[in-house]
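# Close look at the chain arrangement
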Amino acid sequence: MSQFSIARRTGGPTRLLICDPDPAVRATVRAALARRDSLDMIEAADVAGALALLPRCTSALVGTVDPEDAVRRIRASGFVGTLVVALSESSVTDAVAAMRAGADDVVQKPLVVEEVMDRLLAATPARRPERRRRAARPLPRGGDFCGLYGRSTAMQAVYAQIERLAASRAAVFVTGESGTGKDLVAAAVHAASSRRDAPFVALNCAVIPAELMEVALFGREDAGAMDRAQSGTLHLDEITQMEPACQARLMHFVETGRFSPVGEVAEREADVRLVCATSRDPLEEVRAGRLREDLYYRLAVLPLALPPLRARGDDVLLLAETFLARFAGEEGRPMPRFTPEVVEALRTRRFPGNVRELQNLMRQVVILSEGGTIPPGLLAEPAAPEADTPGRSPEVFIQGWSEGHAWHGRVEPLAVIERRAIEAAIAAFDGNISLAAAALDLSPSTLYRKKLAWGERTRLS
Ligand SMILES: Nc1ncnc2c1ncn2[C@@H]1O[C@H](COP(=O)(O)OP(=O)(O)OP(=O)(O)O)[C@@H](O)[C@H]1O
């Protein structure tokens, strides 16, 4: 049974409107849909015609010269059905604008009818009540979901999972590579839950020195994180780096809901929901003896795995556009233009540092783009740093990034620049990793990981 017939069963008859000025496009879609007998179809050549027919339709595929305007007018008419926009090739800006105006999805021309089907099916009206509920809830930050941007199927699944597990009191265990947004997800779990008006407290176990962790968590004379998160949510980042003694105390809390501050015998209760996270493989950490097995299974009642950016399809373009707009505004510079080469470079780059890497790259792009043109070399995959020659940096001399604009200078691979920037920041803060990380807008755990990757052992500061 097709999902169209499921939609028909749950939301009444499915009638698709296809709106496109080109009769050949309408004929292609009509011919393909005719093979699916569970679907009615009606046609319009322009938006005005579509607006007259939409009250009788459950979903619409719209191709026009001004998609953003079309989507705005269609949504303003009160149409709440599935709305997919067909765009001419490489119009990424149009795609983002159409989605922001209220489209459920976009497809590119020339239409691949099976892809059109997939996109329409992925946003069937049966799923819309869930979306409406989400939109009705006051969200604390912008983005598609509690500050998270991304509309790929992978991220839609993450949002749906957050909504499902938000209502529970059980602990959540977030895994994902560095920079995938685990901190944001932890905050989203809190924001989507009934605890959203109580405190959200976060502790990073990789940053707090081992001897201070128990005090930071359970308090001594002053309140610890557990007290401060009362009735709310406590996010323990990089949980696998928590010392065994502290893990034992945490295990006691997980089992009994009670804890005692350091140096005290009397216990007190805490109504605190735990959201733990790690960018390591937790089972490997258990095997290596760094994470207590019993604690892991108590904390991972509700596991949530974040996909790497490279598994999120065209979210990379949406995120790039979002960051570019933000940084262009902050820097008072023009919004750089997307060209087909830029789109291709973003789609093919692997982004091992995930969203954080993309974010940092987009800030560079805003600063280094001249006249709104993005130098193509800027988006190239960085060369891996040579571990055995840390002091030497391969240097490349280039001339001219864009036509008519001669630029002479020394260009180094990003990884080399990154290492130099990190080392300078650590030196500037006398070896204090936390302060250096804050100044670099990185998480301290990322800084530790990078240093470890360069073969260095660091002292917790
Ligand atoms: N989906 C997203 N939408 C918008 N911004 C995002 C998204 N995911 C991550 N970011 C941004 O990317 C940066 C890294 O995210 P975050 O710190 O949550 O990652 P992380 O997985 O916790 O990384 P680490 O394991 O290194 O601590 C932050 O600035 C965050 O705001």
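Higher on the page you've got the structure.
Residues numbered from 1 in each chain as written. Predicted model: local features only at pLDDT ≥ 70, side-chain atom pairs only at ≥ 80, totals over all residues.

### A closer look at the overall build of the protein chain
- What the protein chain contains, in helices and strands, is 20 helices and 14 strands.
- Looking at the 461 residues of the protein chain, the share that counts as buried comes to 37%.
- Within the protein chain, contacts between residues at least 6 apart in sequence are counted, and of these 68% link residues at least 24 apart. (Helix = DSSP H or I, 4+ residues; strand = E, 2+ residues; numbered from the N terminus. Buried ≥ 20, exposed ≤ 12 C-beta atoms within 10 Å, placed from the backbone. Contact = placed C-beta atoms within 7 Å.)

### Quick word on the site of the ligand
- For the ligand, the set of nearby residues contains 20 residues, the closest of which are Gly-181, Lys-182, Asp-183, Val-355 and Ser-443.
- Mapped onto the shell around the ligand, the elements with two or more residues apiece are α9 (182–192), α17 (354–368) and α20 (444–453). (Near = placed C-beta within 6 Å.)

### Observations regarding the nonpolar core
- One finds Leu-17, Ala-50, Ala-60, Leu-61, Val-62, Ile-74 and Leu-358 to be the most contacted residues of the largest nonpolar core, which totals 52 residues.
- Counting residues per element, this core draws most heavily on helix α15 (residues 315–331), which supplies seven residues.
- If we skip the residues at most four places from it in the chain, Ile-74 touches Ala-50, Leu-51, Leu-54, Ala-60, Val-62, Phe-79 and Leu-83.
- In this structure, Ala-166, Leu-234, Leu-250 and Phe-259 belong to the second largest nonpolar core, which totals 51 residues. (Core = buried A, V, L, I, M, F, W, Y, C linked by C-beta atoms within 7 Å.)

### Some thoughts on the pairing of strand β7 (residues 200–204)
- Counting buried positions over the five residues of β7 gives four, a clear majority of the element.
- Note that β7 and strand β8 (residues 233–237) share five bridges and pair parallel. Directly across from Val-201, in β8, lies its bridge partner Leu-234. (Pairing = 2+ DSSP bridges.)

### Quick word on the sheet that holds β8
- Taking strand neighbours across the sheet as the criterion, the five strands line up as β7-β8-β11-β6-β12 in an open arrangement whose pairing is parallel. In the strand order of this sheet, the two ends are held by β7 and β12 (302–305), each with one partner. The sheet shows a mean angle of 20° between the axes of neighbouring strands, direction not considered.
- In terms of strand pairing, strand β6 (residues 172–175) meets β12 through four bridges, oriented parallel. Residue pairing across strands places Thr-175 opposite Ala-305, the latter belonging to β12. (Axes fitted to C-alpha atoms, helices over the stretch in contact; angles between N-to-C directions.)

### Comments concerning α17
- The end-to-end C-alpha distance of α17 is 21 Å, a good match for the 21 Å that 15 residues give at a rise of 1.5 Å each.
- When we look at burial in α17, the residues that qualify are Asn-354, Val-355, Leu-358, Leu-361, Met-362, Val-365 and Val-366. All buried residues of α17 fall inside an arc of 140° around its axis, so they share one side.
- Packing partners of the buried residues in α17 comprise α15. (Expected span 1.5 Å × (residues − 1). Arc of directions from axis to C-beta.)

### Things to note about the packing of α15 against helix α16 (residues 340–348)
- Packing of α15 against α16 leaves a shortest axis separation of 9 Å and a crossing angle of 115°. Relative to α16, α15 is oriented so that their crossing is right-handed. Facing α15, whose interface residues are Val-316, Leu-317 and Ala-320, α16 presents Val-343, Leu-346 and Arg-347.
- Each residue belonging to the contact of α15 with α16 can be placed in one class, and the counts come to five nonpolar, no polar and one charged. (Left-handed = near helix turned anticlockwise from the far one by under 90°. Nonpolar A, V, L, I, M, F, W, Y, C, P; charged D, E, K, R; others polar.)

### Some remarks on unusual backbone geometry
- A positive phi angle is found at Glu-238, which is not glycine, with a value near 50°.
- With respect to the helices and strands, the residue Glu-238 is situated in the loop between β8 and α12 (244–256).
- For Glu-238, a count of 23 C-beta atoms within 10 Å puts it in the buried group.
- Although it is not a glycine, Phe-351 sits at a positive phi angle of roughly 50°.
- Within the secondary structure, Phe-351 sits in the loop between α16 and α17.

### Here's the deal with the packing of helix α10 (residues 210–218) against α12
- The interhelical angle for the contact between α10 and α12, taken along N-to-C directions, is 20°, at an axis separation of 9 Å. When the axis of α10 is compared with that of α12, the two are roughly parallel. Of the residues in α12, those touching α10 at Met-213, Glu-214, Leu-217 and Phe-218 are Ala-245, Cys-246 and Arg-249. (Parallel < 35°, antiparallel > 145°, perpendicular 65-115°, else oblique.)

### Here we look at the sheet that holds strand β3 (residues 59–62)
- Spatially, five strands are ordered β2-β1-β3-β4-β5 in an open sheet, and the strand pairing comes out parallel. Edge positions in the sheet fall to β2 (40–44) and β5 (105–108), since each has one partner strand and no second. The mean angle between the axes of side-by-side strands here comes to 20°, regardless of whether they run parallel or antiparallel.
- As judged from the five bridges shared by strand β1 (residues 15–19) and β2, these two strands associate in the parallel manner.

### Considering the environment of Arg-326
- Its location among the elements puts Arg-326 in helix α15.
- Looking at Arg-326, the number of C-beta atoms within 10 Å reads 15, which means it is partly exposed.
- Distance from Arg-326 to Met-362, taken between C-alpha atoms, is 9.5 Å for residues 36 residues apart in sequence.

### Examining the pairing of β3
- Side chains Ser-59 and Leu-61 project from β3 onto one buried face, and the interleaved Ala-60 and Val-62 project onto a second face that is buried too.
- Note that β1 and β3 share four bridges and pair parallel. The residue bridging Cys-19 from the neighbouring strand is Val-62, located in β3.
- The β-α-β motif built from β3, the intervening helix α4 (residues 67–76) and the parallel element strand β4 (residues 82–87) has right-handed crossover chirality. (Right-handed = clockwise from strand over helix to strand, strands pointing away.)

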